[in-house]
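Given next are the chains, with one letter for each unit.
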Amino acid sequence: MVSAVSTSFDFPAYLAAAKASVEEALDDSLGPERPEQLREAMRYSLLAGGKRLRPILCLAACELAGGDAAQALPTAVALEMIHTMSLIHDDLPAMDNDDLRRGRPTNHKVYGDAIAILAGDALLTRAFEMVALRSPGVPADRLLKVVGELSLVAGAPGLVGGQVEDLDCEGKQVDLDTLEFIHLHKTGALLTGCLISGALIGGADEDLIAALRIYARGIGLAFQIIDDILDVTASSDVLGKTAGKDLLADKTTYPKLLGLDESRRRADALVNEAKSALDPWRASSAPLLALADYITSRDR
Ligand code: GRG
């Protein structure tokens, strides 16, 4: 990893180095599992690219807490596995019913619904294996807390709950509070899990954990607001997934409720709030500050 403790922080270099180490670890994470069809389906989606924002947030939080990012790498991989599994299941006909993800046909389009469901299941369970059994050198009490955090953010109190509320609200008039609930659970929860698990592995104290929860809430909401905006403004080619889906599915989004300009202003304000939470750690939080800005400036 590129050192974060420097006066002129080179974010593009940091991002490229972090992404490269994540890609290598992802490639190593899947063994020669049988049957081959399952292995292929797992690899197909896990190694399909993507921004790798979640594992990078985990590594950055570990370093901010004073830990060695290498020790958080298996957990970073686990987080990308949970994220990928949620994308595979989200794309299924019973959910968002999408044909395109990360610039390629969706998992079920290639392998069929049953294998796509099972590849997702296998990635989710492998994620917990990565933390519990493949994280050498990390004290067991920290790993236990990480397992607890990940089970909360992935399950009914997090992603699953957010997804159910999202599905339930399709085609209905939804207010801002409900929309915020969906975003915070469907998207924000896992981003929180990334930061907290990295920080736990790095040995963060309670003050840093509390600050990271505030940071995570801000970037999580902002991330999903930008996702809503890009669904309207960007092309499928650039996004690597079908653009304009929210309108088609008659989903309530921030642009629908507030308009594009106010949505962007809200995302910017949330990112500023998130960054302020890290004020006491300003000297060593350059990566997380830059990652917060990246969330609102991204084009995909
Ligand atoms: C985790 C047990 C478990 C179930 C999942 C299907 C489901 C329940 C949840 C769906 C969650 C979902 C798809 C949320 C959308 C999050 C989002 C904005 C994804 C896009 O993330 P990017 O832009 O994508 O980081 P890349 O491809 O860059 O990784």
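Residues numbered from 1 in each chain as written. Predicted model: local features only at pLDDT ≥ 70, side-chain atom pairs only at ≥ 80, totals over all residues. Heavy atoms only, no water.

Enquirer: Report on the overall build of the chain, specifying residues and quantitative values.
Expert: Scanning the chain from terminus to terminus reveals 15 helices and two strands. For the chain, the C-alpha radius of gyration of 18 Å lies close to 19 Å, the compact-globule estimate for 300 residues. With respect to the principal axes defined by its C-alpha atoms, the chain has extents near 50 × 45 × 35 Å. Out of the 300 residues belonging to the chain, those deemed buried represent 53%. For the chain, the share of sequence-separated contacts (at least 6 apart) that also reach a separation of at least 24 residues comes to 72%. Of the side chains in the chain, 30 bear a positive and 44 a negative charge, and the two mean positions are spaced by 2 Å. (Helix = DSSP H or I, 4+ residues; strand = E, 2+ residues; numbered from the N terminus. Rg over C-alpha atoms; globule rule 2.2 N^0.38 Å. Buried < 20%, exposed > 50% of the residue type's maximum accessible area, 1.4 Å probe, protein only. Contact = heavy atoms within 4.5 Å. Lys, Arg positive; Asp, Glu negative; His and termini not counted. Charge placed at Lys NZ, Arg CZ, Asp CG, Glu CD.)

Enquirer: Any details on the environment of D10? Residues and values, ideally.
Expert: Within the secondary structure, D10 is located in the segment before α1 (11–29). Since its relative accessible area comes to 43%, D10 is described here as partly exposed. Between the C-alpha atom of D10 and that of M42, which follows or precedes it by 32 residues, the distance is 34 Å.

Enquirer: Break down the pattern of salt bridges for me, citing the residues and quoting the values.
Expert: Enumeration according to the criterion identifies 23 salt bridges in this entry. D166 is the salt-bridge partner of K186, the closest N and O atoms lying 2.9 Å from each other. Here the residue K186 occupies a position in helix α9 (residues 176–202), and D166 occupies one in helix α8 (residues 159–169), the gap between them amounting to 20 residues. A residue is classified by how much of its surface remains accessible, and K186, at 24% relative accessible area, is partly exposed. For R300, the salt bridge identified is with D299, shortest N-O distance 3.2 Å. What makes R300 partly exposed here is its relative accessible area of 44%. (Salt bridge = Lys/Arg side-chain N within 4 Å of Asp/Glu carboxyl O.)

Enquirer: Got a sec to walk through the site of the ligand? Specific residues and values, please.
Expert: Taken together, the neighbourhood of the ligand is formed by 21 residues, with K51, R54, H83, R102 and Q163 sitting nearest. The contact in question runs from an oxygen atom of the ligand to an N or O atom on the side chain of R54, over 2.8 Å. Contact with the protein chains removes 92% of the 750 Å² of surface that the ligand exposes when unbound. For the shell around the ligand, the secondary-structure elements that each account for two or more residues are α4 (69–90), α8, α9 and α10 (206–233). Ranked by the residues each element gives to the shell around the ligand, the list is headed by α4, at six residues. Grouping the amino acids of the shell around the ligand by side-chain chemistry returns seven nonpolar, seven polar and seven charged. (Near = heavy atom within 4 Å. Polar contact = N/O pair within 3.5 Å; in protein donor to acceptor, adjacent residues only side chain to side chain. Areas by Shrake-Rupley, 256 points an atom, 1.4 Å probe, with all protein chains shown as cover. Nonpolar A, V, L, I, M, F, W, Y, C, P; charged D, E, K, R; others polar.)

Enquirer: I'd love a proper account of the layout of surface pockets, names of residues and values included.
Expert: Its volume calculated, the second largest pocket comes out at about 210 Å³. Looking at the second largest pocket, it is lined by 13 residues, and the ones nearest its centre are V153, P157, L184, A189 and T192. For the lining of the second largest pocket, the element with the highest residue contribution is α9, accounting for five residues. (1 Å grid on protein atoms, 1.4 Å probe; cavity = no way out; pocket = protein on both sides within 12 Å on 5 of 7 lines; lining within 4 Å. Points joined across faces, edges and corners; volume = space filled by probe spheres on them.)

Enquirer: Residues and numbers for the packing of aromatic side chains, please.
Expert: Overall, the coordinates contain four aromatic pairs when judged by the stated rule. On the basis of an interplanar angle of 75° and a centroid distance of 5.5 Å, the ring pair of Y44 and Y111 is categorised as edge-to-face. Here Y111 lies in helix α5 (residues 107–111) and Y44 lies in helix α2 (residues 36–46), a separation of 67 residues in the sequence. Take Y44 and Y111: they sit in the same class, and that class is buried. Taken together, the ring pairs in this structure connect F9, F11, Y14 and Y294 into an aromatic cluster. (Phe/Tyr/Trp six-rings, centres within 6.5 Å; stacked < 30°, edge-to-face > 60°.)

Enquirer: Before we move on, could you go through α8 and cite the residues and values that matter?
Expert: The complete set of buried residues in α8 reads L159, G161, G162, Q163, D166 and C169. Elements that come into contact with the buried residues of α8 comprise α4, α7 (140–154) and α9. In the stretch just after α8, G171 is the one whose phi turns positive, near 75°.

Enquirer: How would you explain empty space enclosed by the protein if you had to name every residue and give the values?
Expert: Per the stated rule, a full pass over the model turns up one cavity of 30 Å³ or more. What lines the largest cavity is a set of 13 residues, among which S45, I88, D91, R101 and N107 lie closest to the centre. Broken down by secondary-structure element, the contributors of at least two residues to the lining of the largest cavity are α2, α4 and β2 (104–105). Per element, the largest residue contribution to the lining of the largest cavity is three residues, and it comes from α4. For the lining of the largest cavity, a count of residues per class yields five nonpolar, four polar and four charged.

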